[in-house]
Amino acid sequence: MGDKNLGVETLSEATLNRLGYMLDNLECGWKQLAKAVAEQPQFCYSDKELTDCSLKVLSPHGSPGRYLLALLADRGCTLAFLLQCLKKIEHREAVGFLTTHVMEQIDITLQPQSQRVPERSPVVLSCRAVGPVDLTYQWFKGKDEVPRGNGPELVLNPVSLAQQGPYICRVSSGDKYVFSNWAHVRLVRSGGASAGSSSDYFPSSASGVYITRQPRPQVLMEGDTLYLECTAQANPPPQFQWYLNKQPMPNCTRSILKIPCITTADRGTYYCKVYNLYHEAWSDQVQVNIGPGSFSDASWEAPKVGVSDAGPRQMGDCCATDKVALLIGNMNYLHHRQLRAPMADVHELTNLLRQLDFKVVSLLDLNWQEMHSAVTEFLLLLDRGVYGLLYFAGHGYENYGNSFMVPIDAPASYTFKHCLWVQDVLQRMQERQTGLNVFLLDMCRKRNPNDESIPQPGPLRVTANIVFGYATCVDAEAFEVNKDDLSNGIFMSFLKKRLMEPEKVTVILDKVAEDMGRCEITRGRQALELRSNLSERRALTDSIQAPACQVTASTRNLQWAIAHVLPESCCLQFECGVKVQLGFAAEFSNIMIIYSRILETPKDIVSCSVQLSDFTEGPEVDLKHSNQESLLEAGSLLLSMDDLLPLEQPQLFTRISALQRLKKELSFTVCLHYKYTNLDEEVLEEQRVSVGKPLVSKLNLHEPRLSHTSSSDRQNSSIMESSSFSESFRANLPDLNPSSIRSASTSWSCYQGPMESPTFSSLKNEPEETICPEYFESEEPPAIKSLPSASSQELPFKFSNLPNSI
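Counting from 1, residues in each chain are numbered in the order their sequence is written. Two thresholds apply to this predicted model, a pLDDT of at least 70 for residue-level local features and 80 or more for giving and counting side-chain atom pairs, whereas whole-chain, interface and lining totals are computed over all residues. Only heavy atoms go into the side-chain values, all of them from the structure, while hydrogens and water stay out.

Asker: In this structure, what is going on with helix 4 (residues 64–74)? I would like to understand it.
Answerer: In an α-helix, one full turn covers 3.6 residues, which means residues spaced three or four apart are oriented alike. Classification of residues uses two cut-offs on accessible area relative to the type maximum, computed with a 1.4 Å probe and protein chains only: under 20% is buried, over 50% is exposed, and between them is partly exposed. Segments assigned H or I by DSSP are reported as helices when at least four residues long, segments assigned E as strands when at least two residues long, and all are numbered from the N terminus. Of all eleven residues in helix 4, eight are buried; the element is thus mostly enclosed. Taken together, the buried positions of helix 4 are occupied by Pro64, Gly65, Arg66, Leu68, Leu69, Leu71, Leu72 and Ala73. In this structure, the buried side of helix 4 is in contact with helix 1 (13–23), helix 2 (30–37), helix 3 (47–54) and helix 5 (79–88). Phi turns positive one or two residues past the end of helix 4, at glycine 76, with a value near 80 degrees. Residue contacts are counted whenever heavy atoms from the two residues lie within 4.5 Å of one another.

Asker: When you look at the environment of methionine 492 in this model, what are you seeing that I'm missing?
Answerer: The topology assignment puts methionine 492 in helix 10 (residues 490–498). Along the backbone, methionine 492 and leucine 440 are 52 residues apart, and their C-alpha atoms lie at a distance of 9.9 Å.

Asker: It is not clear to me how the packing of aromatic side chains should be interpreted in this structure. Could you clarify?
Answerer: In this description, an aromatic ring pair is defined by two values, namely the gap between the centres and the angle between the planes. A pair of aromatic rings is counted whenever rings of Phe, Tyr or Trp (Trp by its six-membered ring) have centres within 6.5 Å, and the orientation is called stacked for planes under 30 degrees apart, edge-to-face for over 60 and tilted otherwise. Taken as a whole and assessed by the stated rule, the structure comprises 13 aromatic pairs. With centroids separated by 5.4 Å and ring planes inclined at 25 degrees, the aromatic side chains of phenylalanine 43 and phenylalanine 81 adopt a geometry described as stacked. Of this pair, phenylalanine 43 sits in the loop between helix 2 and helix 3 while phenylalanine 81 sits in helix 5; the two residues are 38 residues apart in sequence, bridging distant segments of the chain. Classification of phenylalanine 81 as buried rests on a relative accessible area of 12%. Residues tyrosine 243 and tryptophan 282 carry aromatic rings whose centres are separated by 5.4 Å and whose planes lie at 55 degrees to one another, so their mutual orientation is tilted. Separated by 39 residues along the polypeptide, tyrosine 243 in strand 15 (residues 239–244) and tryptophan 282 in strand 19 (residues 280–282) bring together distant segments of the chain. Here a set of aromatic residues connected by ring pairs shows up, and it is made of Tyr397, Phe404, Tyr414 and Trp421. By definition here, charges over rings are those cases where NZ of Lys or CZ of Arg is within 6 Å of the ring centre and within 35 degrees of the ring normal. Directly above the aromatic system of tyrosine 275 lies the positively charged group of lysine 273, at a separation of 5.0 Å from the ring centroid. The positively charged end of arginine 445 is found above the aromatic ring belonging to tyrosine 470, 3.6 Å away from the centroid.

Asker: Would you mind going over the side chain of asparagine 700 with me for this structure?
Answerer: With respect to the secondary-structure elements, asparagine 700 resides in the loop between strand 37 (683–690) and strand 38 (706–707). At 2.6 Å, the side chain of asparagine 700 and the side chain of lysine 693 are in polar contact. Pairing of N or O atoms within 3.5 Å defines a polar contact, subject to two protein rules: one partner must be a possible hydrogen donor and the other a possible acceptor, and residues neighboring in sequence count only if both atoms are side-chain atoms.

Asker: Any chance you could explain the sheet that holds strand 24 (residues 396–399) here in plain terms?
Answerer: Backbone hydrogen bonds are what pair the strands of a sheet, in a parallel or an antiparallel way. Strand pairing is assigned whenever DSSP detects at least two bridges linking the two strands. Across the sheet, three strands lie side by side as 24-25-26; this open sheet has antiparallel pairing. Each edge of the open sheet is held by one strand with a lone partner, namely strand 24 and strand 26 (420–421). Bridging between strand 24 and strand 25 (residues 402–405) involves four bridges; their strand directions are antiparallel. Paired with tyrosine 397 across the two strands is phenylalanine 404, which belongs to strand 25.

Asker: Where do I start with the sheet that holds strand 28 (residues 466–470) in this structure?
Answerer: Taking strand neighbours across the sheet as the criterion, the six strands line up as 22-21-23-27-28-30 in an open arrangement whose pairing is mixed. The open sheet terminates on both sides in strands that have one partner only, identified here as strand 22 (359–364) and strand 30 (529–532). Strand after strand, the sheet turns through a mean of 10 degrees between neighbouring axes, direction not considered. Geometry is summarised by axes, namely lines fitted to C-alpha atoms with helices restricted to the contacting stretch, and by angles between N-to-C directions that run from 0 to 180 degrees.

Asker: Would you mind going over the pairing of strand 32 (residues 579–588) with me for this structure?
Answerer: The two faces of a sheet get side chains in turn, since along a regular strand they alternate between them. Summarising burial for strand 32: eight of the ten residues are buried, a large majority. Direction of pairing for strand 31 (residues 570–573) relative to strand 32: antiparallel, over a ladder of four bridges. What sits directly across from leucine 572, in strand 32, is valine 580. In this structure, the hairpin formed by strand 31 and strand 32 is closed by a connection of five residues, where glycine 577 is found at a positive phi of approximately 100 degrees. In this sheet, strand 33 (residues 591–600) lies alongside strand 32 in antiparallel orientation, the contact comprising nine bridges. The partner of alanine 585 across the bridge, within strand 33, is isoleucine 593. Linking two consecutive strands that pair antiparallel, namely strand 32 and strand 33, is a turn of two residues.

Asker: How do you make sense of unusual backbone geometry when you look at a structure like this?
Answerer: Note: most residues except glycine have negative phi, and most peptide bonds are trans. In this structure, the amide linkage connecting asparagine 157 to the following residue, proline 158, adopts the cis form with an omega of -5 degrees. Within the element layout of this structure, proline 158 appears in the loop between strand 7 (153–156) and strand 8 (165–173). Unusually for a residue other than glycine, asparagine 251 sits at a positive phi of about 65 degrees. Relative to the assigned elements, asparagine 251 resides in the loop between strand 16 (247–248) and strand 17 (256–259). Non-glycine residue aspartate 365 carries a positive phi angle of around 55 degrees. By the element assignment, aspartate 365 lies in the loop between strand 22 and helix 8 (368–380).

Shown next, in the form of structure tokens:
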């Protein structure tokens, strides 16, 4: 049914004329309606107004009934009140017309969903609608009608390459019709590459939402634990919302729904909404029965002794109290060769880890200070039993068994003073008593000739929970393939195929090493190295079991949430009558997309456009690529899915990167350019918009963090000592006594800059870096994530000199 709260003014001119004609009679017409509506004071008309209504019969095309409807519309009469009054005067013809042809609108209840399937597989697209009884369906592929596609379901069995493309369904009744959302059918090859992809080794990321595991019905006893699971694949990563009896369940936004100690109040119909920025899908509706005797279903059977509901497949009894990951990809180096793969690698790993219930912070292009601050914030998320994962893609080096990650602002001849020391991060992670520490380092491990210092790390605890996965072996480079801007690095290309397997972490990395060894591109050039003392069978797919201290868990959730708050979509109303919508999406934790579109334009405006400009200083906005009609043109290579967007009003996209350098609230100017019908000059109207500090900018990573000092001080530190953890978030934890929260400055000393590091000896030399020749002579050589260049005698071999070279 349509919305009865809509006003009479929403009716079309043809509908109003038809109703007016029905009311133009003496026995049951407009006069009787005028008396009925007069029960409401605002619709009590004067004698003069009613006389004017009567005189309309003197006009050639005048209608008293139509004039009365205009009076009702002017005073805000709703369709519901009009229908009520027509029923009161027993005007059956008008009631039937208003109900059947106006208020009983067509409403699509089930939208078709995009699908990615192998060739020759069956595809079923479904579209369901409610409304008038004579609904008809017609499917289209693009603009062409699909033969025999005149039902609510379109079956393509088997689907062929020619049937790949966008589909839409038209639901109609008489002269009324509505269209469904677009659904895209895409074919994939074995291994996940889209049909027509040019590469089998390094496929680009997939798009859409595809539910891979549906929830199942449950029959439980009171006091049992309800466990429902809905898993999906999507890019951007999927989000989840569970429903019980058609109502959204608060805070139930993970792929797994777990309710301990259920009661009869928890029985009913459950289902899950899976969605991302562009798509949504709904899981199967499943019935959960509690009881025997709590319901009248004769099919209920008591659960068998010793049989429990199956949760996710696990390696063993290991579980995490939480899972946290920090992913850093450095590409745009100021003084070194720029890289391509880190952006695609971080994006790919983010999608996978989020599907494993990791809290992921993904950051691109960090300088020295920002990397140190990001690691400090990452450590605050770790606690007893938490799985911590640190991934870095960029330039790096290794001296005397110690690895160093290079920030984008490292000078030409960098040393340890300009980098981040991996073993130091490990030591600080151990002090958080984590359940698992995983380091995935996709960087070179050549010795740095500019750095002759010998690091002296503090003693490491014997924790038997450390895993190092190096993209390459000692004294070797890590490579990326220069295929296109969306190619993965070699390490990630193999890792992503294995990461979701429910195996011990070291087993996963062993399989990746074997895969790399079998590939001709990497054989003899890059070999994964695994270092581990992991004694338990811990896997990245292990489930999360909430810790006994809920305050600590809540604090960690709030701390993580700080870096993932997006501004809410808003609408701007300009004085000329134009309405503009602004929306926001996250590409990474420090990169945001703003899209703008015009929702409403008055009839007297012939042309209208909107642009964003004058952004707050700090973040990076490429003005040449702002306000673009596609995400690709705006610089968002990973979210370039314009062909999957619904055909709505035109949208303009602007990409804002380096949000970690935002020092105050992000604000910008919305410029509206428009022309009136009778004017040649363009009119400019502006509004200033402030959206606060979105995403990771709230953490103030540009500010120096508090350096760790002694081991005892580190043990006494807690999440609450973070300078970025604002008082507003502390207020959400009433059980914590504010007086017990120590100032971080009482036990920590500040980093003053990249020159500080008391654990290293002084440098012996700092040779100037020279420009390296190209390492490879092939047409598309792999790029090396290199360290400062050495002399010509120290250059590595060229692939072109080897058999089967690239």
